[in-house]
Amino acid sequence: MMPLIVHYVELNFFAMTILCVIFLNMRRPDRQYSLDQKLFFLLISANILLLLLDSMLWILDGKPGSLARTLSIASIVAYNTLNPVICMIWYYYVDFYIHSSKERLTKVLFPILLPVLINLVLSVASVFTNIYFIFDENNVYHRGRFIFLLLGICLYMIIYTSAFLIRNRKKIAGKEYAYLLFFAIPPMVGGIIQFMFPGAVMIWIASTLSILIIFINIQKDQLNTDYLTGVYNRRYLDNYLQEKMKNRRHHLIAGIMIDIDSFKTINDSYGHDNGDQALKYTAQMLRKTFRKTDFIARYGGDEFVIVMEIDDRAELMAMVQRLKEKVSQFNLEKITPYEIRLSIGYDCYTKEPDMSTMAFLKRIDQLMYIDKQKNA
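Residues numbered from 1 in each chain as written. Predicted model: local features only at pLDDT ≥ 70, side-chain atom pairs only at ≥ 80, totals over all residues. Heavy atoms only, no water.

Trainee: So what's going on with the overall build of the chain? Which residues, and what values?
Mentor: Looking only at helices and strands, the chain has 13 helices and six strands in total. In summary, the chain has a C-alpha radius of gyration of 26 Å against a globular reference of 21 Å for 376 residues, an excess of more than 25%. Overall, the chain is about 85 × 45 × 30 Å in size when its C-alpha atoms are taken along their principal axes. Put simply, 69% of the contacts in the chain that link residues at least 6 apart link residues at least 24 apart. With an accessible surface of roughly 19,600 Å², the chain has 62% of that area assigned to carbon and sulfur atoms. Distance between charge centroids for the chain: 4 Å, based on 41 positive and 34 negative side chains. (Helix = DSSP H or I, 4+ residues; strand = E, 2+ residues; numbered from the N terminus. Rg over C-alpha atoms; globule rule 2.2 N^0.38 Å. Contact = heavy atoms within 4.5 Å. Areas by Shrake-Rupley, 256 points an atom, 1.4 Å probe, with all protein chains shown as cover. Lys, Arg positive; Asp, Glu negative; His and termini not counted. Charge placed at Lys NZ, Arg CZ, Asp CG, Glu CD.)

What follows is the structure, given as structure tokens:
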């Protein structure tokens, strides 16, 4: 029995190591994260916690004493409670990935949360009954009479998410649809095997495989990020702006072109390291100024572009003024031996026949150069 316990604990810690590497590889303290990225972090964290709890249950199983019994009961309650939580996070991740709407997540919050709350009640009640589990006088774990309810809740949420994904498959690219759909397969198969063969603990190791596959695809997104500043790059800006203009609804699309004045002077006078730092500081100010829903990209060299959805032009003017105040505040703090000055061009997209995305970028670029001449 002991070699089997060691085997499963080793597998769990191997899976946890993979998840920790993924987590640390993705995390950057100076980067803004979208909601789907935050949900992915939660997915990883929940999986790590489940693997840790599973390992504790293996280690504590059959250990004598009241302390071991208390820890075993607490671990199994937390473990059973978290099982459908990771399924819930997965649904929210898929929903936001497809619709990119926080408002929609708010609307579907309770219907998805309800099975999790029911399972929480059943998990806690199992301490006093044998719904999910029971520990005998030797502190050995045994399944409860209604453990199939836990499997049913998890399978229901996985199947529900998969069906939702299939219904909305035309809204995302084929490859994205394939790997998102595949995510559910390993843990679902692992859960069925684990239910049929109690000694075969597969589900959360299988889930680690799914997360790894998603991560590999997420890594592709880094191709769309400027490595120096952490904002998006020109290639992704072109695709984003074209898609945003094509699918815009009730909001106005606003664009802001920004150029760092005398950037060549900063490079020549203080060195290229300080020039790179000026770009980083500018990107930081942009992230602090604009909303997390606004798109920030490095257009090239010392130029940046922000794309926003706004209700009226006054909102655009207010954001530009806010940026100017952030820059003034930065210069007053004298963090650098030089001052950062920006030339700014901005406008709203209109449905003119010749107004392509490139024409729109050219317009705000021209407005930026007009502002630069004023600052000269």
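Trainee: How would you summarise the nonpolar core if you had to cite specific residues and measurements?
Mentor: Formed by 62 residues in total, the largest nonpolar core has its most connected members in Phe40 and Leu180. Listed by contribution, the elements that provide at least two residues to this core are helix H1 (2-26), helix H2 (35-60), helix H3 (66-99), helix H4 (102-125), strand E1 (133-135), helix H5 (147-167), helix H6 (174-182) and helix H8 (203-219). Ranked by residues supplied to this core, first place goes to H3 with 17 residues. Discounting chain neighbours no more than four positions away, the residues touching leucine 180 are Trp90, Tyr93, Tyr97, Leu165, Ile172 and Ile214. Phe263, Ala278, Leu316 and Ile344 belong to the second largest nonpolar core, which has 31 residues in total. (Core = buried A, V, L, I, M, F, W, Y, C linked by side-chain atoms within 4.5 Å. Buried < 20%, exposed > 50% of the residue type's maximum accessible area, 1.4 Å probe, protein only.)

Trainee: Hey, could you go over the sheet that holds strand E3 (residues 252-260) for me, with residue numbers and the actual values?
Mentor: The strand order across the open sheet formed by four strands is E4-E5-E3-E6, and the pairing between neighbours is antiparallel. Two strands close off the open sheet at either side, each with one partner strand: strand E4 (295-300) and strand E6 (342-348). Averaged over neighbouring strand pairs, the angle between their axes works out to 20° when direction is ignored. For E4 and strand E5 (residues 303-310), the ladder comprises five bridges, and the chain directions are antiparallel. (Pairing = 2+ DSSP bridges. Axes fitted to C-alpha atoms, helices over the stretch in contact; angles between N-to-C directions.)

Trainee: For a nonpolar patch on the surface, give the residues involved together with the corresponding values.
Mentor: A cluster of nonpolar residues, Phe110, Leu114, Leu117, Ile118, Leu120, Val124, Val127 and Phe128, forms a patch on the protein surface that exposes about 730 Å² of accessible area. Positionally, leucine 114 belongs in helix H4. Here leucine 114 falls in the partly exposed class, since its relative accessible area comes to 36%. (Patch = residues over 30% accessible without salt bridge, like charges linked within 9 Å, V, L, I, M, F, W, Y side chains within 5 Å. Salt bridge = Lys/Arg side-chain N within 4 Å of Asp/Glu carboxyl O.)

Trainee: Report on the packing of helix H9 (residues 234-246) against helix H13 (residues 357-375), specifying residues and quantitative values.
Mentor: Between H9 and H13, the shortest axis-to-axis distance is 10 Å and the interhelical angle comes to 110°. On the basis of the axis angle, H9 is roughly perpendicular to H13. Of the two possible hands of crossing, H9 and H13 adopt the one that is right-handed. From H9, Arg234, Leu237, Asp238, Leu241, Gln242 and Met245 reach across to H13, where they touch Thr357, Met358, Phe360 and Leu361. (Parallel < 35°, antiparallel > 145°, perpendicular 65-115°, else oblique. Left-handed = near helix turned anticlockwise from the far one by under 90°.)

Trainee: Go over helix H7 (residues 185-196) with me, naming the residues and quoting the values.
Mentor: Between its first and last C-alpha, H7 extends 17 Å over twelve residues, near the 16 Å set by a 1.5 Å rise per residue. Taken as a whole, H7 has its buried residues at Pro186, Pro187, Gly190, Gly191 and Gln194. Summarising the axial view, the buried residues of H7 lie within an arc of 130°, below the 170-degree limit, and thus occupy one face. (Expected span 1.5 Å × (residues − 1). Arc of directions from axis to C-beta.)

Trainee: Kindly report on the pattern of salt bridges, identifying the contributing residues and their values.
Mentor: In the structure shown here, the tally under the stated rule is eleven salt bridges. One salt bridge in this structure joins aspartate 268 and lysine 264, with 2.8 Å as the shortest N-O distance. Separated by four residues within a single helix, aspartate 268 and lysine 264 lie in helix H10 (residues 263-270), roughly one turn from each other. With respect to class, aspartate 268 is no different from lysine 264; both count as exposed. In this structure, arginine 341 engages glutamate 339 in a salt bridge whose closest nitrogen and oxygen atoms are separated by 2.1 Å. Judged by relative accessible area, which is 38%, glutamate 339 ranks as partly exposed.

In short, geometric facts, not functional conclusions.
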